[in-house]
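Next come the chains, spelled out residue by residue.
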Amino acid sequence: MTPPSSRPRADERLRPLLPAVLLLILFWLLYRHTATWAFSYDEFCDVLDIEFGPLKNWFHPNHLLPNFLGGLAFSAMRRLGYAGRSIFVLQRINFFLGSLAVAVFYEILRGKFGSQRALCGAALFGLSQAFWRGSVDANGYAWAGLAACLLVGLLLREPAAPFLEGLALGIAILFHEMFVFTVPAFFLRWRGGNRLRYLAGVLLAGGVPYLGLAVGFHGGSVHDMLFWLLAPAGYGPRNSIGSGSFWSLRPLANIVTSGHALIDSLTAPTEPASWLNGARSLVWALVLLGLAGVALRRWKKGSLETSARNLWVWILTMSFFQFFWQPAGMRFKILLLPALIVLMLDAAQSLPSNGILAGLALLPILVGINNANIVFIPESHIENNTDLVRTIWVGRTLSPGDCFLFSGEDSRSITNVCLAYFAPHLSGRSMKGFLASDLHPDLNALTSLAREARAGGHRLFFDADLLSPESQKTLEDRAQLPPGRLRAWLAGFHRLKTLDGPGSYRIIQAEI
């Protein structure tokens, strides 16, 4: 029998975990009730791969395991009778992962800064625009955020076993390959043979799976393997790894672009731009410059803690890569935010205590209110997502085999993948990509498409936007068509019938 005297001690050990559990529940409720309907192009590509693609497509090169684990979860749900779509399964996984990351981050911070400051830091992370978005959509960044929090926790602890720490970092790399840029931060913790053991752990857990999948699924040539590993998924074979689609070698412009991406990852800008955006950028710029100033002053005095030094190495090495690789990528900043928040709390400890805690408490409140009103409350209402509402309505209105022509950006238009996922029975074409590639100068290919539809007993529909002079001029300019050529082609149909959809959306049925 357990002695009665031991029971209070057990309760005392569990009591400190209560705030973390409450945070998990509260943030799960927040993410659940702000679930986004504004899905991205990448998300649709991922779920199309999970539901219809081959197994090799489950392993996204930029984040190897999230889609694979999501695919396994979706398959298990289907066996249990789930009749829905995979995009909602992945989304619900992210609700839990995001709230778990906030709770874990709180526990990590509590051990170093105490419960009050830990609550402020964890809430700021959970309410930041980038991580909030990663926790309410179907992408893989909730996994990456959780991994970033756990890695920060490792850096704040005394070094234990170098091989095990290397294994942990290698596993994190499987959830986002950009974690490879945290290797130097951990490398500095070890000396001599310990460094080799640490690197062996990284290569075993992170390198071997990548190499195995590269050879097994993409082993046609070294170039094919490197392209799969280093290039964003979904780009065609004509792109090279050094393509300007991925890299930006304009340092002055990148300073502004990358800086805005970091600030946006914390607080969403207003649309249209207002003076509030300038004030927001100024405040965060001063905070970041202040952090750098505190670090430099401590470094000169020799009082910069080892953990702070390692976190700065993490931020600088990863930021250097992100500075040139898609510097506008806001979501990549999730991998920086936990380290940055720890440094913010650390710097705040060196300031006069009067008002600091109140300021730290006010910060996540303001960030949360801003991001909720500007982004997450509007995006949680399906009627505000034009692409999705249009796709669902068009899918219900058109019959299998009908053709729907719309003005999308190109072959990577989100409307293409949205139609492929929610209305796969339709033949959707992006006018811009179609015109620019095949239709110059006489629209013969488009005419053939219309004839094929008629010969098969199907109908031809247009996005009403194609009838606007502005849209037609833009499409004609991009496809180098003579002025008025597209309007004349559209006028060649016997009759155009307008169908009114939800809100102000319209499509045109053409009689051919």
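Quick caveat: nothing in here was measured; it's all calculated off a predicted structure.

Which residues make up the sheet that holds strand 4 (residues 495–500), and what values do they have?
Ordered in space as 2-1-3-5-4, the five strands form an open sheet in which the pairing is mixed. Unpaired on one side and paired on the other, strand 2 (427–430) and strand 4 mark the two borders of the sheet. Adjacent strand axes in the sheet meet at a mean angle of 25 degrees when their direction is disregarded. Pairing of strand 1 (residues 403–406) with strand 2 involves four bridges; the strand directions are parallel. Its bridge partner lying in strand 2, Leu 405 is registered against Arg 429.

Summarise the packing of aromatic side chains; cite the residues concerned and give the values.
In this structure the tally under the stated criterion is 22 aromatic pairs. Where Trp 37 meets Phe 88, the ring centres are 5.8 Å apart and the plane angle is 70 degrees; that geometry is what we call edge-to-face. Of this pair, Trp 37 sits in the loop between helix 2 (18–33) and helix 3 (41–52) while Phe 88 sits in helix 5 (residues 86–113), and the two are 51 residues apart along the sequence. An angle of 20 degrees between the planes, with centres 5.1 Å apart, marks the rings of Trp 143 and Phe 175 as stacked. Taken as a pair, Trp 143 in helix 8 (residues 141–156) and Phe 175 in helix 9 (residues 162–175) lie far apart in primary sequence, 32 residues in all. Put simply, the rings of Trp 37, Phe 39, Phe 44, Phe 88, Tyr 421 and Phe 422 pair up and form one aromatic cluster.

Provide a residue-level description of a nonpolar patch on the surface, including the pertinent values.
Taken together, the side chains of Leu 17, Leu 18, Val 21, Leu 22, Ile 25, Leu 26, Trp 28, Leu 29 and Phe 96 present a nonpolar region at the surface, about 810 Å² in accessible area. It is helix 2 that contributes the most residues to the nonpolar patch, seven residues altogether. Relative to the assigned elements, Leu 17 resides in the loop between helix 1 (6–14) and helix 2. Take Leu 17: its relative accessible area is 38%, and that puts it in the partly exposed class.

Tell me about the packing of helix 5 against helix 16 (residues 337–349), residues and numbers included.
The interhelical angle for the contact between helix 5 and helix 16, taken along N-to-C directions, is 25 degrees, at an axis separation of 12 Å. Viewed along their axes, helix 5 and helix 16 adopt a mutual orientation that is roughly parallel. Of the two elements, helix 5 crosses helix 16, and the hand of that crossing is right-handed. Residues Phe 105, Leu 109, Lys 112 and Phe 113 of helix 5 touch helix 16, and the partners they reach there are Pro 338, Ile 341, Val 342, Leu 345, Asp 346 and Gln 349. Across the contact of helix 5 with helix 16, the residue classes tally to seven nonpolar, one polar and two charged.

If you had to explain the nonpolar core to someone new, which residues and values would you point to?
Grouped together as the largest cluster of nonpolar side chains are 111 residues, with contacts concentrated most on Phe 105, Phe 179 and Trp 314. Ranked by residue count, the leading element in this core is helix 5, at 13 residues. Setting aside residues up to four positions removed in sequence, Phe 179 forms contacts with Ala 144, Ala 147, Ala 148, Leu 151, Leu 169, Ala 172, Ile 173, Trp 314, Met 318 and Leu 335. The next biggest cluster of nonpolar side chains, apart from the first, holds 20 residues, and it includes Phe 462, Trp 489, Ile 508 and Ala 510.

How would you sum up unusual backbone geometry? Please name residues and give values.
The residue Gln 326 is not glycine, and still its phi comes out positive at about 45 degrees. On the secondary structure map, Gln 326 appears in the loop between helix 15 (306–324) and helix 16. The class of Gln 326 is partly exposed, set by a relative accessible area of 27%.

Lay out the side chain of Ser 99 in plain terms, naming residues and giving numbers.
Within the secondary structure layout, Ser 99 lies in helix 5. Residue Ser 99 is classed as buried on the basis of its relative accessible area of 0%. Excluding residues that lie within four positions of it along the chain, Ser 99 makes contacts with Leu 24, Phe 27, Trp 28 and Tyr 31.

Let's hear about the packing of helix 2 against helix 5: which residues, and what values?
Contact geometry for helix 2 and helix 5: axes closest at 8 Å, N-to-C directions at 150 degrees. The way helix 2 lies across helix 5 gives a crossing that is right-handed. Of helix 5, the residues touching helix 2 (which contributes Pro 19, Ala 20, Leu 23, Leu 24, Phe 27, Trp 28, Tyr 31 and Arg 32) are Arg 92, Phe 95, Phe 96, Gly 98, Ser 99, Leu 100, Val 102, Ala 103, Tyr 106 and Glu 107. Split by residue class, the contact of helix 2 with helix 5 holds 13 nonpolar, two polar and three charged.

Quick rundown of the confidence of the model for the protein chain? Include the residues and the values.
Predicted confidence across the protein chain gives a mean pLDDT of 85, with 89% of residues reaching 70 or more. Highest mean pLDDT in the protein chain belongs to helix 7 (residues 129–136) (97); lowest belongs to helix 1 (58).

Please provide a residue-by-residue account of helix 2, values included.
Under the 1.5 Å per step criterion, the end-to-end length of helix 2 is 23 Å for 16 residues, consistent within 8% with the ideal 22 Å. Taken together, the buried positions of helix 2 are Ala 20, Leu 23, Phe 27 and Tyr 31. The arc that holds every buried residue of helix 2, seen down its axis, measures 55 degrees, which confines them to one face. Facing away from the buried side of helix 2, by more than 90 degrees, are the exposed residues Leu 26 and His 33. Buried-residue contacts for helix 2 involve helix 5, helix 6 (115–127) and helix 7.

Can you tell me about the pattern of salt bridges, naming the residues and giving the values?
Counted by the stated rule, this structure contains 11 salt bridges. A salt bridge links Lys 112 to Glu 305, with the shortest nitrogen-to-oxygen separation between them at 3.1 Å. Within this pair, whereas Lys 112 is found in helix 5, its partner Glu 305 is found in the loop between helix 14 (275–301) and helix 15, the two being separated by 193 residues in sequence. You can call Glu 305 partly exposed: its relative accessible area is 38%. As a salt-bridge pair, Arg 459 and Asp 402 come within 2.9 Å of each other at their nearest N and O atoms. On the criterion of sequence distance, the pair formed by Arg 459 in the loop between helix 21 (444–455) and strand 3 (460–463) and Asp 402 in the loop between helix 18 (386–397) and strand 1 is long-range, its members being 57 residues apart.

What counts and what doesn't
- Residues numbered from 1 in each chain as written.
- Predicted model: local features only at pLDDT ≥ 70, side-chain atom pairs only at ≥ 80, totals over all residues.
- Heavy atoms only, no water.
- Pairing = 2+ DSSP bridges.
- Helix = DSSP H or I, 4+ residues; strand = E, 2+ residues; numbered from the N terminus.
- Axes fitted to C-alpha atoms, helices over the stretch in contact; angles between N-to-C directions.
- Phe/Tyr/Trp six-rings, centres within 6.5 Å; stacked < 30°, edge-to-face > 60°.
- Patch = residues over 30% accessible without salt bridge, like charges linked within 9 Å, V, L, I, M, F, W, Y side chains within 5 Å.
- Areas by Shrake-Rupley, 256 points an atom, 1.4 Å probe, with all protein chains shown as cover.
- Salt bridge = Lys/Arg side-chain N within 4 Å of Asp/Glu carboxyl O.
- Buried < 20%, exposed > 50% of the residue type's maximum accessible area, 1.4 Å probe, protein only.
- Parallel < 35°, antiparallel > 145°, perpendicular 65-115°, else oblique.
- Left-handed = near helix turned anticlockwise from the far one by under 90°.
- Contact = heavy atoms within 4.5 Å.
- Nonpolar A, V, L, I, M, F, W, Y, C, P; charged D, E, K, R; others polar.
- Core = buried A, V, L, I, M, F, W, Y, C linked by side-chain atoms within 4.5 Å.
- pLDDT = per-residue confidence, 0-100.
- Expected span 1.5 Å × (residues − 1).
- Arc of directions from axis to C-beta.

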